[in-house]
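Each chain is listed here by its residues.
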Amino acid sequence: MKKELIKIIKKAGKILKKGYYSNKDVTFKAKKDLVTKYDVAVENYLKAKFTKKFKEFNIIAEESDNANIEFNDSIIIDPIDGTTNFVNGVPHTAISVGVYKDKKPYLAIVYNPILDELYEAKIGKGAFLNGKQLKVSDETELQKALLATGFPYTSGSNEDDLNDVVKKIKDILPLCQDLRRLGSASIDLCLVARGTFEGYYEMNLKPWDVSAGVLILSEAGGKITNINGDEYNLFEDKYIVATNGKIHDELIKNLNL
Ligand code: IPD
Ligand code: CA
Ligand code: CA
């Protein structure tokens, strides 16, 4: 299945790449949350191919109505993760596809067609970037850790969320090497898998933002939990905390000050 999945996603990457270098019509789903015709085109392409090839799976996808779809044997798609980057020409943008069997991660692909970086993982078989095996960083000190985070779309409308973002930055920034906000949750997780970042945390993510990245990171030796340090639930948890494993407890402690 993985080979076929990659073939389809690479073709969809051509749609994303063409859009990246073209003029885009932007529609706003909410004050900060935007969508383009390319998000829809990539999603429709993937859905049509996956429905034909992988009949035993249902599909949960960002730009679709998922109301009547039960998560179980499911393919979870973010057609363009990092849409704000995509629209503004920042090259951190990717197609993210996570395949779940019995609600458990099975296969994962995150493909950035602009940088031509394809991250992939299969449960129990390791994680790879363009064929090269990935391993998380060995850094054990939070003070030396480069971290990443993201800002939720609700920061424009929900004061509690905005205050929480600011408080956590104030608490964490003095305690780490530095903090990045690259604008694509799926890629952030892959960069922890790659050893570029030691850790990453963010609130209010949707299942499609992280469905693939969580498997890629865990197959690279990383750790993913909610903010209490318990198993992360794609559909229910407000916060994701994802690290190389070695700074996890200290990061969790300081996110809960
Ligand atoms: C967004 C990106 C971003 C994160 C947002 C997500 P989108 O996804 O992953 O990094 O901070 O919370 O919604 O809207 O570009 O698919
Ligand atoms: Ca996303
Ligand atoms: Ca998206």
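The text that follows walks through the structure, step by step, so that each part is easy to find. (Residues numbered from 1 in each chain as written. Chains lettered and ligands numbered in written order. Predicted model: local features only at pLDDT ≥ 70, side-chain atom pairs only at ≥ 80, totals over all residues. Heavy atoms only, no water.)

This part covers the packing of helix α4 (residues 159-172) against helix α8 (residues 248-255). Two numbers describe how α4 lies on α8: the axes approach to 9 Å, and their chain directions differ by 130°. Put simply, α4 runs oblique to α8. Crossing of α4 over α8 shows right-handed handedness. From α4, K168, D171 and I172 reach across to α8, where they touch L251, N254 and L255. Classifying every residue of the contact of α4 with α8 by side-chain character gives 3 nonpolar, 1 polar and 2 charged. (Axes fitted to C-alpha atoms, helices over the stretch in contact; angles between N-to-C directions. Helix = DSSP H or I, 4+ residues; strand = E, 2+ residues; numbered from the N terminus. Parallel < 35°, antiparallel > 145°, perpendicular 65-115°, else oblique. Left-handed = near helix turned anticlockwise from the far one by under 90°. Contact = heavy atoms within 4.5 Å. Nonpolar A, V, L, I, M, F, W, Y, C, P; charged D, E, K, R; others polar.)

What follows concerns unusual backbone geometry. One non-glycine residue, D116, lies in the positive phi region at around 50°. Within the fold, D116 resides in the loop between β6 (104-112) and β7 (117-122). Its identity as a non-glycine residue notwithstanding, N204 has a phi of 60°, on the positive side. Assignment of secondary structure puts N204 in the loop between β12 (199-203) and α6 (207-210).

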